[in-house]
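# Results of the structural survey
So you can see what is in the structure, the chains are spelled out below.
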Amino acid sequence: MTDTLLPNGIEDSGGDGKHFRKGCNPLAQTGRSKLQKQRASLNQQIIKQMRMRAGAENLLKATNNNKVKEMVVLELSYVNSNLQLLMGQLEGLNSSVDVYQSAEETTNIPLIALGLKETKEVDFSAPFKDFLLEHYNEDGRTFEDEIADLMDLRQACRTPSRNETGVELLAKYYSHLPLIENRFFSPTRPTGIFFTWYDSFTGVPVCQQNLSLEKASVVFNMAALYSQIGTRSDRQTIAGLQEAISSFQRAAGMLSHLKATFTHTPSYDMSPAMVSMLIQLMIAQAQECLFEKNALPGVLNQFTSLIKMAQEAAKVSEIYDQVHQFMVQTPIKDNVPLFWSTMSQVKTNHYQAMAHHFLASALLDHELGPNDDEDQQEKTLSQVYDQLPEGFSSLGILKNKDERERIGKAHIRRAISGHEEALRNYSLCQHLEKLEALQEILKASHRRSLDKYSDYDNEEEFVDYVEAPDIISKTEHKAEMELPAATKGPLSVFSAKQKWTAPRKIRVCAEDRDLGFTLKGEAPVQVVSLDPLCRAASNGLKEGDYIVAVGDNDTKWMAVSDMIRLLKDVDEEGIEIQVVSVIDNSPPMPTKSATFSGNLPKTYSMICLAHNDEDKPSKNRKVMKKSSFLSWGLKNKMKSASTLSLPTDDHSGALSWNKPIPTFPTSSAYNNNNFH
């Protein structure tokens, strides 16, 4: 899926100067776009049924006519039945992981990607123009192009491309939201703008008048996009696996940011319990990719290497077991697709079985030789078990062939049992049965363990069976959240909550290449450490002033580095700058907002629900750029006999897909810069 570009040479403040970057083409017939279109359609059907249910419930409360009550109860049963069917269809969409997988990849266990939250279109035009006139005494018509650009940017964020460009698009819009909130959302004056977002699991709409829901939903979609990039990565290459690892860790980081920052979001998919589960899911998938990265070159058929891989596999199993425990708790289990919880259970069984298979191979295929380091092997084996069966010791297992075979066979039996359990759980979920590649991998792993057991099974030998002890999980590279860099929009000086002086013109001159002051902060740049004897100070410059213009250049949103370039060549004749000062910095009052979630009574539900995107006439919006204080820019292969490979259903090569993941954008890379 590619970006849609307007080939008109219009400059994008965050692009290459040739095109105005848009989101994906919503009409593109790709698997992911079709899925999102179905999701949007289901959301509309769900909200329609919920309206009908709310009306029927109100009528049931209001009427005393028994015949009417009977008809309403019948209608309610019909509506509830339809809602159940629609919820089932939405669960099916959330279970469609195949469309998110790499196009070249057919040999790895599928990974789970989050679907994007859907939203309705928002018209900022009239409310912003009114506020500009009323609060700033500015003619709103002067900023029609900038308001149209903001609306275009938000519209593009509804269909972001599944790559780093899509993440940057969402991050760009997210970085504008603090500015929009500060400048247009006054604590004492409602804007009349309603933001509507649909729960990604239930399709239930939530509507608010403030920007908290908007911010949280954009952060959720950034995490969802990172998860889709991770599932799309080619896991048959080291580069692709590294990209997947980084993407899932970033997804976990974004979700952690969501959980910490937006604590009272009314949408259930962003509730603390659900977000905690999603974080653990992303970490589990990153750990799975780390395991695949270790196994991709082949596992050395050596005692220590096999022990290491056994503990790595046990770690993956342990994390997926934690994810499964999250998913089966109430109320998460009522909203998470059955496919997800079944998949986590299958992976718990599968990787636990692989751990026992690797450990069995280490014990059965490698005897303690005269040249082996006995102490090192004893130490390695002792770290695998928390408790050995009675009568066994780590050194005894290494030295005694019979004990070694007994424990080794016990592990291979547990491996077989684990693979059988994984296949059983696989067969219980209708959505999993569609993933033939997963079934082939599970069957291949099961056959490999059966073959290993048959090599050492002696029917004439009678030995009492020993239960294989649990394996202690351990990893050299633990998957962790990659938290996004701290992001700030422009400083709150230009805010609906602040007052400032009129711009003052100051002439600054260089004396021995020293302007006499220091700059700090992000946009706008602030004057600090002012020399009271310098020319600028005598001309009226004060510490704490914000520079809003240098010569003919508007610098309200200019970074420190750009400001330096403007001022570095100032000579003795000087240059004229404009500065403003904040004169009132009172703490903001809490903003009241209206929320619609499901069929909660006494809300702005009808205002939210009556809005229909399809009924709105199309608008031709201008996209010509001009300078203003509303500038939106921010800017598997043959292996030698000495290695082992993970079972797959295919051994074909794959092309690498190695593009760098963009870092979460920051407003400026500079904090303090001096002109001395």
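A few points on the structure. (Residues numbered from 1 in each chain as written. Predicted model: local features only at pLDDT ≥ 70, side-chain atom pairs only at ≥ 80, totals over all residues. Heavy atoms only, no water.)

Take the pairing of strand β3 (residues 195–198) next. Residue alternation in β3 divides its side chains into two sets, Phe-195 and Trp-197 and Thr-196 and Tyr-198, and both sets are buried. Where β3 lies against strand β4 (residues 205–208), four bridges are found, and the strand directions are antiparallel. In the sheet register, Phe-195 faces β4, and the bridge partner there is Gln-208. Between β3 and the antiparallel strand that follows it, β4, lie six residues; Gly-203 among them carries a positive phi value of about 75°. (Buried < 20%, exposed > 50% of the residue type's maximum accessible area, 1.4 Å probe, protein only. Helix = DSSP H or I, 4+ residues; strand = E, 2+ residues; numbered from the N terminus. Pairing = 2+ DSSP bridges.)

Let's shift gears to the packing of aromatic side chains. Inspection of every chain in the model, using the stated rule, returns eight aromatic pairs. Judged by centre distance (6.0 Å) and plane angle (70°), the ring pair of Phe-131 and Tyr-136 falls under edge-to-face. Here Phe-131 and Tyr-136 have matching classes, each one buried. Cluster of aromatic residues (ring-pair linked, three or more members): Phe-124, Phe-128, Phe-131, Tyr-136, Phe-184, Phe-185 and Phe-195. Its guanidinium or amino end placed over the ring of Tyr-136, Arg-183 lies 5.0 Å from that ring's centre, counting from NZ or CZ. It is Arg-448 that lies over the ring of Phe-358; its NZ or CZ is 5.9 Å from the centre. (Phe/Tyr/Trp six-rings, centres within 6.5 Å; stacked < 30°, edge-to-face > 60°. Lys NZ or Arg CZ within 6 Å of the ring centre and 35° of its normal.)

A few words on the environment of Ala-314. In this fold, Ala-314 is placed in helix α9 (residues 303–327). Along the chain, Ala-314 and Lys-474 lie 160 residues apart, while their C-alpha atoms are 7.3 Å from each other. Setting aside chain neighbours within four positions, we find Ala-314 in contact with Tyr-351, Ala-355, Ile-471 and Ser-473. (Contact = heavy atoms within 4.5 Å.)

Once that is clear, we can look at the environment of Val-316. Among the structural elements, Val-316 can be located in helix α9. With relative accessibility at 1%, the residue Val-316 sits in the buried group. Spatially, the C-alpha atoms of Val-316 and Cys-289 are 9.4 Å apart, while their sequence positions differ by 27 residues. Not counting residues up to four positions away in its chain, the partners in contact with Val-316 are Gln-287, Glu-288, Phe-291 and Tyr-351.

Moving on to α9. The terminal C-alpha atoms of α9, which comprises 25 residues, lie 37 Å apart, in line with the 36 Å expected from a rise of 1.5 Å per residue. Burial within α9 is extensive, with 18 of its 25 residues counted as buried. (Expected span 1.5 Å × (residues − 1).)

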